[in-house]
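Listed below, chain by chain, are the residues.
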Amino acid sequence: MVNTTIKTTKSQEIFAAAQNLMPGGVSSPVRAFKSVGGQPIVFDRVKGAYIWDVDGNKYIDYVGTWGPAICGHAHPEVISALHEALEKGTSFGAPCVLENVLAEMVIDAVPSIEMVRFVNSGTEACMAVLRLMRAFTQREKIIKFEGCYHGHADMFLVKAGSGVATLGLPDSPGVPKSATSSTLTAPYNDLEAVKALFEANRGEIAGVILEPVVGNAGFIPPDAGFLEGLRELTHEHGALLVFDEVMTGFRIAYGGAQEKFGITPDLTTMGKVIGGGLPVGAYGGRRDIMSMIAPAGPVYQAGTLSGNPLAMTAGIKTLELLRKPGTYEYLERITKKLADGLLQIAQETGHAACGGSISAMFGLFFTSGPVHNYEDAKKSDTAKFGRFHRGMLERGIYLAPSQFEAGFTSLEHTDEDIEQTLAAAREVLSSL
Ligand code: KE4
């Protein structure tokens, strides 16, 4: 029997102090464990597929710092490349050849990207791409989908996913109506609703932005024909199609969801994996659109630390590791084994559940489903998810602390890790 009452004395002390220093004691809301109950564990170090907390407990990690750790945490080749880069300084604020190197890798990998701009987060990338969409089309309105999350910029905090959904925030105070009045929303996977929005706002919609595989309302894949339908609709209405691949980029495939599903958007946002664990975001796409970005064109966007040599180094090394043959076949196999196993165990232990996986991304809802959109996702038993999360944590398995997040695997997760995870899940679900 695995020890089910872990010692968390030091975590509790540190988190208690943190709550006096930082709002909610965290640097990002979802980390506070608000929706799963209990207190977050405080990390001491990470390596490969594993976490050690400040009390010395070890966990198999399925969050991977929310996506970047797809090659495993602190990969030796990334670490040694960073040591080398450090000797030459941490930030230049000037052109550096490493930006060319990572830019070429991203352009070679991602079908829609002919030109790219690096920023420091996915939020920044989505903010910039929105401004660019509006400038290029000279239209103001955008369509996003309920439950999708595109960072915390005002214009996107409308029926957003991730931490907004987790904390059940209505949207957010402090966001002026003027910022969201041009943000239209539709249910994910609902082409008819999108068609209706285009009809009702003829000639006014700059574009459609979406997560091509949703990870911020829990794991929700696109229905067959959905992405193709959006591609046709945006073409028909002279609007742009934007894939927010901050989470799916280099995770669903080396060329992202757009490569996997064979749909090429006009613009793409990226983040997480391309920074290899350091702060990097990016946006890119058609050359005629990207050429509008300052200083090549009039659309302004800037950033002190954008393209810094350390972050570029971590990104380059990470993509080098990912583009090796067999990477995505391994990720697909190991993640499918986990997701299918969890689903089977849930059903065997009498719990209504649905879910699945695509490449290195997976999810499990405690509802019979199917889950095609955020409304469906909200029917899941989040209280049960919280008890499941805690039970797994006590057995050394670290899952995303919210029903409205996705799970992530890495190249460092082994069959033994998956088997250990499934054994823990069977114990927890049998006792729920
Ligand atoms: P960041 O600003 O957090 O780098 O990226 C925002 C973002 C944009 N688009 C998508 C599809 C995203 O998933 C994200 C960020 N994802 C969340 C996790 N669901 C980050 C974790 C957090 O907010 O702490």
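Remember, predicted model here, so these are calculated numbers, not experimental data. (Residues numbered from 1 in each chain as written. Predicted model: local features only at pLDDT ≥ 70, side-chain atom pairs only at ≥ 80, totals over all residues. Heavy atoms only, no water.)

(A) Molecular detail of the sheet that holds strand β2 (residues 50–53). Taken in spatial order, the four strands make up an open sheet running β1-β2-β3-β13, and their pairing is mixed. Each edge of the sheet is formed by a strand with only one pairing partner; in this case those strands are β1 (43–47) and β13 (397–398). The pairing of strand β3 (residues 58–61) with β13 spans two bridges and is parallel. Along β13, the bridge assignment pairs D61 with Y398. (Pairing = 2+ DSSP bridges. Helix = DSSP H or I, 4+ residues; strand = E, 2+ residues; numbered from the N terminus.)

(B) Molecular detail of the environment of S35. Mapping S35 onto the fold places it in the loop between α1 (9–21) and β1. Classification of S35 as partly exposed rests on a relative accessible area of 28%. Here the alpha-carbon distance between S35 and E320, two residues 285 residues apart in the chain, equals 37 Å. Among the polar contacts made by the side chain of S35, one reaches the main-chain carbonyl oxygen of P401 at a distance of 3.3 Å. (Buried < 20%, exposed > 50% of the residue type's maximum accessible area, 1.4 Å probe, protein only. Polar contact = N/O pair within 3.5 Å; in protein donor to acceptor, adjacent residues only side chain to side chain.)

(C) The site of the ligand, seen in detail. By nearness alone, 17 residues border the ligand, and S28, T123, N216, D244 and E405 come closest of all. Within the side chain of K272, an N or O atom sits 3.0 Å from a nitrogen atom of the ligand. For the ligand, whose accessible area on its own is 530 Å², the fraction buried by protein is 88%. Class assignment of the residues belonging to the shell around the ligand gives a composition of five nonpolar, eight polar and four charged. (Near = heavy atom within 4 Å. Areas by Shrake-Rupley, 256 points an atom, 1.4 Å probe, with all protein chains shown as cover. Nonpolar A, V, L, I, M, F, W, Y, C, P; charged D, E, K, R; others polar.)

(D) Here's a closer look at the UniProt feature "modified residue: N6-(pyridoxal phosphate)lysine" (unreviewed entry) in the protein chain. If you check UniProt for "modified residue: N6-(pyridoxal phosphate)lysine" (unreviewed entry), the listed places come out as K272 in our numbering. You can see K272 is positioned in the loop between β9 (267–270) and β10 (281–285). We classify K272 as partly exposed; its relative accessible area is 25%. When residues no more than four places from it in sequence are discounted, the contact partners of K272 are W66, G67, P68, V246, M247, G277 and V280. Within the local environment of K272, its side chain forms a polar contact with the backbone oxygen of W66, the two atoms lying 3.0 Å apart. (UniProt positions renumbered as here; feature names shortened; annotations may be inferred. Contact = heavy atoms within 4.5 Å.)

(E) Representation of the nonpolar core within the structure. Among the nonpolar cores identified, the biggest contains 45 residues, and Y62, M361, F388, M392 and Y398 are the most heavily contacted of them. Of all the secondary-structure elements, those providing two or more residues to this core are β3, α12 (327–348), β12 (361–365), α14 (382–394), β13 and α15 (415–431). With residues up to four places along the chain from it excluded, the contact list for Y62 reads L338, F362, I397, Y398, L399, G407, F408, T409, H413, D417, I418 and T421. (Core = buried A, V, L, I, M, F, W, Y, C linked by side-chain atoms within 4.5 Å.)

(F) Here's a closer look at the packing of aromatic side chains. Evaluated as defined, the whole model comprises eleven aromatic pairs. Ring centres of F33 and Y398 lie 6.3 Å apart, and the angle between their planes is 40 degrees; this geometry places the pair in the tilted category. One end of the pair, F33, is in the loop between α1 and β1; the other, Y398, is in strand β13, with 365 residues separating them in the sequence. The exposure class of F33 is buried, given its relative accessible area of 1%. With centroids separated by 5.9 Å and ring planes inclined at 85 degrees, the aromatic side chains of F145 and Y188 adopt a geometry described as edge-to-face. Of the two residues, F145 sits in strand β5 (residues 141–145) while Y188 sits in the loop between β6 (183–186) and α7 (191–200), which places them 43 residues apart along the sequence. When its relative accessible area of 0% is taken as the criterion, F145 is described as buried. One aromatic cluster is present, built from ring pairs that chain together F33, F43, Y59 and Y398. (Phe/Tyr/Trp six-rings, centres within 6.5 Å; stacked < 30°, edge-to-face > 60°.)

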